[in-house]
Amino acid sequence: DAGISRVVVGLEHPLPHARGVAVRALRSAGIDVDVLSSSTPCAAEQANVDDTIMQMLEANEALLHRAVLRRPLSILKYAMTLDGKIATASGHSAWVTSPDARANVFKMRANSDVVIVGGNTVRRDNPRLTTRQEGGHAPVRVVMSRTLELPENASLWDITTAPTIVMTQRGARTAFQAKLRAKGVEVVEFDFLTPEAVADYCYDRGFLQCLWECGGVLAAPVISASVAHKLMAFVAPKIIGGARAPTPVGDLGFVEMTQALEVAEAEWQQVGRDLMLTGYFPSSGGLRALERALGTATSTAPTASTASGAP
């Protein structure tokens, strides 16, 4: 009725239960539908098509990770100086990066379902983990702490601006758990609290994207357990020094440079006076790898003439 005769779909839907539904409906209505990701463009158009597909993959990266890896997209974010420090030896870290870089982080929080920190971050920084925006989406703030040795008056216990979930081990400081629940904080107990257990829990809750803003002690197991999929690292033009000043990632157990993790699809961008690196850990492999895992690179989705299966 609208007079539309042709529709170009960029990408097959990553989730199996939704794949093909919309295209079948359009084709059954007599509309010509082409799926860009399964097309074979001429050489002159190949670069534009590849660029368009990459933009679509980036726009749907959280859904792609959920569909392929069956976990939310987990982004590990940190900010460090030129000499690789996230704070001074005394623990002072305000601020490593510029206001422009911090604004970028606030935007990433607003695009995430969950922001996760460990107990050390709560004790040291007393963060709010908000988006610093009026209205709009507020991500759930998650605190991981096996012992629940946490401050009784932390900013995160104020849930008027955003909800907070404390994840801990079963039976830890039950009286303190009761105090948190009385303030409206959700407390979730695990038999054994690990980054994998938290990631699986977030998947079951339906979260698409988790932003890990933890320190090096927690970042190391998040990486080594293949929970972290994407890196968002800021480098500030500063030098702190100090053998005991903390670094963004703790011990991974590597003893040779050949064990170093390669970041796929790495991109540098200047943000104010700082540099930001984004890329994907081996646990993800990058957007093109996820696309191949879904079969979209060599999709069997039919053309309009065959009229069956597609997003």
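Up top is the structure these notes are about.
Every residue gets a number counted from 1 within its own chain, in the order that chain's sequence is written. Local features in a predicted model are, by the rule used here, given only for residues with pLDDT of at least 70; side-chain atom pairs are given and counted only at 80 or more, and totals for whole chains, interfaces and linings are based on all residues. The basis for every side-chain value is the complete set of non-hydrogen atoms in the structure, without hydrogens or water.

Participant: Break down the sheet that holds strand β5 (residues 140–144) for me, with residues and values.
Facilitator: For two strands to count as paired, DSSP must find a minimum of two bridges between them. Secondary structure is summarised from DSSP: a helix means a run of H or I of at least four residues, a strand means a run of E of at least two, and numbering begins at the N terminus for each. Spatially, the nine strands line up as an open sheet ordered β7-β6-β5-β4-β8-β3-β9-β11-β10, and their pairing is mixed. The strands lining the two open edges of the sheet, one partner per strand, are β7 (186–190) and β10 (264–271). Averaged over neighbouring strand pairs, the angle between their axes works out to 20° when direction is ignored. Contacts between helix α6 (residues 174–182) and the sheet are confined to β6 (164–169) and β7, with β7 contributing the most and set at about 145° to the helix. In this analysis, axes come from line fits to C-alpha atoms, helices being fitted only over the stretch in contact, and the angle between any two N-to-C directions falls in the range 0 to 180 degrees. What makes two residues a contact is simply this: any of their non-hydrogen atoms within 4.5 Å.

Participant: Quick rundown of the side chain of H229? Include the residues and the values.
Facilitator: With respect to the helices, strands and loops of the structure, H229 is situated in the loop between α8 (216–224) and β9 (230–236). Per-residue accessibility, obtained with a 1.4 Å probe over protein chains only, is compared with the maximum for each type, and a residue is labelled buried under 20%, exposed over 50%, and partly exposed between these values. Assessed through its relative accessible area of 2%, H229 is described here as buried. Here P72 takes part through its backbone oxygen, which lies 3.3 Å from a polar atom of the side chain of H229. Residues within four places of H229 in sequence aside, it is in contact with H65, L69, R71, P72, L73, S74, G279, Y280, F281, S283 and S284. Polar contacts, as used here, are pairs of N or O atoms within 3.5 Å; protein pairs need one atom able to donate a hydrogen and one able to accept it. Residues neighboring in sequence count only if both atoms are side-chain atoms.

Participant: Let's hear about the packing of aromatic side chains: which residues, and what values?
Facilitator: Aromatic pairing here means that ring centres of Phe, Tyr or Trp (its six-membered ring) are within 6.5 Å. Orientation follows from the plane angle: under 30 degrees is stacked, over 60 is edge-to-face, and everything else is tilted. In total, this model carries two aromatic pairs according to the counting rule given. For the pair F190 and Y201, a centre-to-centre distance of 5.9 Å together with 75° between the ring planes defines the contact as edge-to-face. Linking F190 in strand β7 with Y201 in helix α7 (residues 195–204), this pair joins segments that are 11 residues apart in sequence. Residue classification places F190 among the buried positions, given a relative accessible area of 11%. Its relative accessible area of 18% is what places Y201 among the buried residues. Charge-over-ring contacts are defined here by two conditions on Lys NZ or Arg CZ: a distance within 6 Å of the ring centre and an angle within 35 degrees of the ring normal. The cationic tip of R66 hangs over the ring face of Y203; the distance from NZ or CZ to the ring centre is 4.0 Å. One Lys or Arg, R173, reaches over the ring of F176 and ends 4.5 Å from the middle of that ring.

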